[in-house]
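Notes for the structure review
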Amino acid sequence: VQLVESGGGLVQPGGSLRLSCAASGFTFSRYHMSWYRQAPGKERELVARITSAGGNTVYADSVKGRFTISRDNAKNTVYLQMNSLKSEDTAVYYCKAEWTWNYWGQGTQVTVSS
């Protein structure tokens, strides 16, 4: 089982990034997928979740209207489009697969700074 995040980096406040998480080794289409983040000195928190077929999404209040989670079951990939980024969005972002078992990726760093 592998979850490989990509797309992180350094961006200025107000900018955008698109994170990707490529999955392998399990039946991706059966799993709900989530993005979490963890800032230094803080607990890991849920950012967004999408159901297995992509019909329902949930967002943290802090990112509503700015972030969009989506998935492509044909490509075994989940995305997080992040717009209007703020310094407080700086964190390591992790994807998570949730169903019978839970799987985590290794994380990708997002730094929002001028």
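Details of the structure are given in the entry above.
Summary of the structure given here. Please read these numbers as outputs of a predicted model, since none were measured by experiment. (Residues numbered from 1 in each chain as written. Predicted model: local features only at pLDDT ≥ 70, side-chain atom pairs only at ≥ 80, totals over all residues. Heavy atoms only, no water.)

Here we have four strands laid out as an open sheet, ordered E1-E3-E8-E7, and antiparallel in their pairing. Each of the sheet's edge strands pairs with one partner strand only, and the pair in question is strand E1 (2-6) and strand E7 (67-72). Neighbour-to-neighbour, the strand axes of the sheet open up by a mean angle of 15°, direction not taken into account. One ladder, built from six bridges, connects strand E3 (residues 17-24) with strand E8 (residues 77-82); its direction is antiparallel. (Pairing = 2+ DSSP bridges. Helix = DSSP H or I, 4+ residues; strand = E, 2+ residues; numbered from the N terminus. Axes fitted to C-alpha atoms, helices over the stretch in contact; angles between N-to-C directions.)

What follows is about the state of the cysteines. For the structure on display, the rule yields one disulfide. Between cysteine 21 and cysteine 95 runs a disulfide, and the two sulfur atoms are separated by 2.0 Å. Torsion about the S-S bond of the cysteine 21 and cysteine 95 cystine: about 40°, corresponding to right-handed handedness. Here the residue cysteine 21 occupies a position in strand E3, and cysteine 95 occupies one in strand E9 (residues 91-98), the gap between them amounting to 74 residues. Cysteine 95 matches cysteine 21 in its accessibility class, with the two residues each being buried. (Disulfide = S-S within 2.5 Å. Buried < 20%, exposed > 50% of the residue type's maximum accessible area, 1.4 Å probe, protein only.)

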